[in-house]
Amino acid sequence: MSSHLKAVALPGRKGKGKILEIERLQKVFPMDGGFLPVLEEITFLAESGELICILGRSGCGKSTLLKILAGFVPPSFGKVLIKGTPVKSPGPDRCVIFQEDALFPWLSVRENIAFGLTGRDQSKKSRTLEVERFLELVGLGEFGDYLPHEISGGMKQRVALARVLILKPEVLLMDEPFASLDAQSREEMQNLLLTLWQELAHTILFVTHDVNEAVILADRILLMSKNPGRIREEIRVDLPRPRSRDSSALLNFSRRLYEALRD
Amino acid sequence: MRERHAKMQHSGAWRILPAVIPALFILAWTAVSVTGLIPTYLLPHPLEIAGTGYTYVLGQPGEGPYAGRFLSDAGASLFRVGCGFAAAVAVGLPLGVLSGRLSLIHRLMSTTVNALRAVPGITWLPLAMVWFGIGLRTTVFLVALAAFFPVYLNAAAGARQVNPLWLQAGAMMGVRRLRGTFAILLPGTMSHLMTGLRLGLGISWAYLVLGELTGVPNGLGAVIMDARMLGRIDMIVVGIIVIAVIGRISDQLLQVGMKFCFKSARRTA
């Protein structure tokens, strides 16, 4: 391992050293007497500030992979290192955006965003300012006092984004976060994510089954196959940013990828 | 939809809606009584009940056998219910939450709890009288025992069913176990906790009367028992109504109190 690279790597700067190392990861689930392999030989690196999409069809184990990276589920074999340290349990350096609504329904939007800050060594005033800043960042400035059940699905995912971004995580793990939104909100959220990513420069691992979404977002796409889940191919998306959704280059890219995914 | 709902809630009809069933009931009762369908020695006329109730609650001691006894009876009963219910909550709620979250505790507790639950509360009465004598301690014991089960079972069910995503979200935001318990688990279980507390408090009143039927000198149950022996049907009915009213008020106070104290009770329960 190039330890000197790590030493000079600044968190949150693009392309400066690897932040996440996944080595020969395997996951098997026990199943009546035998074992069901879910993930096999997963190996990849994530550079600091990279946006990686993990693309695959339902049931290929991509969500399981994300849960292992988050620390919710232990791997059967192999290791996950974040900045050189093995991942053992969930922690605020690897924040997760879930597919379903995981906001606390008894807290207002503002309180949800502030939740992770409580107990941190920070003055109350600077905490309040920080919460307001992130409310604005995700475009919910006027909705701070609303309760989760009073806002739309897209807005809920904005709150979910804000409540973890405020913790300054090294890595953002996103599990099909926009899958249940309508097409328009999904597009808005993708744009918002890109804006925030350019501003805050987190490393993002984004699980999706939507080819277009992957092409619009990713620096790199890890294409997964099923039974057992493996990384079949690694595709660098070298389309210039900002990417226009209807440029012919992007559409071609999507079509080729779609075909690759099918066979 | 919501607006219509809000509008409905401000109308006068909405306000008197809860009184409709009691009013119809009293009307039917009066009719039955006036026509002599049921003789008054079985069911006295509502006005007679009202008179007895008035004397019981507001009368001067000495005006009659039950005059003015209300405050001391209600006070004694409230104290017994309060002690028993508090004991049930203090033990049942934490134990229930634990057993909902930890399979070890669940396995340890569930057979015993469900076996004890199958025993009708009244079965404990003879034993309790031998153990604790007649009076406060027997009543508190019965109330605590009876209220324990709904509090425990609902807390356990709620803690077991709490959305796992909330706990995962807490863990990934770096929330430790202690804060997770008080800031996520308990608020997330609140609607179940409320159900358990309300059922527990309700059943507390039932077992209060049972405990007081054993011959204690004061308390609402004691008055009812005493009236039965003296053949004062009117006083029995007054006792029943007083317990219904106090039970209803205590349930509402419980809800208001919980909502005052906990955000999660205000917003989700």
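Residues numbered from 1 in each chain as written. Chains lettered and ligands numbered in written order. Predicted model: local features only at pLDDT ≥ 70, side-chain atom pairs only at ≥ 80, totals over all residues.

Caption draft 1: Local environment of the overall build of chain B. Check the secondary structure of chain B and you find 14 helices and zero strands. In chain B, the succession of α and β elements from N to C terminus is α-α-α-α-α-α-α-α-α-α-α-α-α-α. Across its three principal axes, chain B shows a C-alpha extent of roughly 70 × 60 × 35 Å. Put simply, chain B has 269 residues, and 36% of those count as buried. Long-range contacts, defined as pairs at least 24 residues apart, comprise 70% of the intrachain contacts of chain B with a sequence gap of at least 6. (Helix = DSSP H or I, 4+ residues; strand = E, 2+ residues; numbered from the N terminus. Buried ≥ 20, exposed ≤ 12 C-beta atoms within 10 Å, placed from the backbone. Contact = placed C-beta atoms within 7 Å.)

Caption draft 2: Representation of the domain arrangement of chain A. All names here are of chain A. The domain boundaries assigned to chain A delineate domain 1 (17-93 + 169-263) and domain 2 (98-168). Look at where the C-alpha atoms of domain 1 and domain 2 centre, and you get two points 24 Å apart. Each side of the interface is counted separately: domain 1 has 16 residues, and domain 2 has 13 residues. Elements with a contribution of two residues or more to the side of domain 1 that touches domain 2: β7 (171-175) and α6 (183-200). Element by element, the count of residues in the side of domain 1 that touches domain 2 is highest for α6, at six residues. Class assignment of the residues belonging to the side of domain 1 that touches domain 2 gives a composition of eleven nonpolar, two polar and three charged. (Domains from an automatic or database assignment. Nonpolar A, V, L, I, M, F, W, Y, C, P; charged D, E, K, R; others polar.)

Caption draft 3: Fine view of the sheet that holds strand β2 (residues 34-47) of chain A. All names here are of chain A. In space, the four strands of this open sheet follow the order β2-β1-β4-β5, with antiparallel pairing throughout. At either end of the open sheet lies a strand with only one pairing partner, and these are β2 and β5 (85-86). Here strand β1 (residues 18-31) pairs with β2 via ten bridges, running antiparallel. Note that in β2 the partner of L20 across the bridge is A46. Strand contacts of helix α2 (residues 62-70): β1, β2 and β4 (77-82), with the helix running at about 65 degrees to β2, the strand carrying the most contacts. (Pairing = 2+ DSSP bridges. Axes fitted to C-alpha atoms, helices over the stretch in contact; angles between N-to-C directions.)

Caption draft 4: Quick peek at the sheet that holds strand β6 (residues 94-97) of chain A. Residues and elements named next belong to chain A. In spatial order, the strands read β6-β7-β8-β3-β9-β10; together these six strands make up an open sheet with mixed pairing. In this open sheet, the two strands that pair with only one neighbour each are β6 and β10 (230-236). Taken pair by pair, the neighbouring strands of this sheet meet at an average axis angle of 20 degrees, ignoring direction.

Caption draft 5: Molecular detail of the interface of chain B and chain A. Contacts between the two partners involve 16 residues from chain B, matched on the other side by 19 residues from chain A. For the side of chain B that touches chain A, the secondary structure elements donating two or more residues are α9 (164-172), α10 (177-188) and α14 (263-267) of chain B. The element contributing the most residues to the side of chain B that touches chain A is α9(B), with six residues. Looking at the side of chain B that touches chain A residue by residue, the classes come out as nine nonpolar, four polar and three charged.

Caption draft 6: Region of interest: the environment of S250(B). Residues and elements named next belong to chain B. Looking at the element boundaries, S250 is found in helix α13 (residues 233-261). Taking the number of C-beta atoms within 10 Å as the measure of exposure, S250 has 19 and is therefore partly exposed. In this structure, the C-alpha to C-alpha distance between S250 and W205, residues 45 residues apart in sequence, is 9.9 Å.

Caption draft 7: Examining the nonpolar core more closely. Counting residues in hydrophobic clusters, the biggest one holds 132 residues, and the most contacted among them are I52(A), L173(A), L205(A), V143(B) and A147(B). If one sorts the elements of this core by residue count, helix α8 (residues 136-161) of chain B sits on top with 15 residues. Dropping the residues within four chain positions of it, L205(A) is found in contact with A46(A), I52(A), I54(A), L66(A), L69(A), V171(A), L173(A) and M174(A). (Core = buried A, V, L, I, M, F, W, Y, C linked by C-beta atoms within 7 Å.)

Caption draft 8: Here's a closer look at the confidence of the model for chain B. Residues and elements named next belong to chain B. Model confidence for chain B is summarised by a mean pLDDT of 91, while 98% of its residues fall at 70 or above. Across chain B, the element-wise mean pLDDT spans from 68 in helix α1 (residues 2-10) up to 96 in helix α5 (residues 70-101). Taken together, the chains of this predicted complex give a pTM of 0.86 and an interface ipTM of 0.87. (pLDDT = per-residue confidence, 0-100.)

Caption draft 9: Structural context of helix α5 (residues 153-165) of chain A. All names here are of chain A. The end-to-end C-alpha distance of α5 is 18 Å, a good match for the 18 Å that 13 residues give at a rise of 1.5 Å each. Turning to α5, its buried residues number three or more, namely K156, Q157, R158, V159, A160, L161, A162, R163, V164 and L165. Looking at the buried residues of α5, the elements they touch are β6, α3 (109-114), α4 (124-137), β7 and α6. (Expected span 1.5 Å × (residues − 1).)

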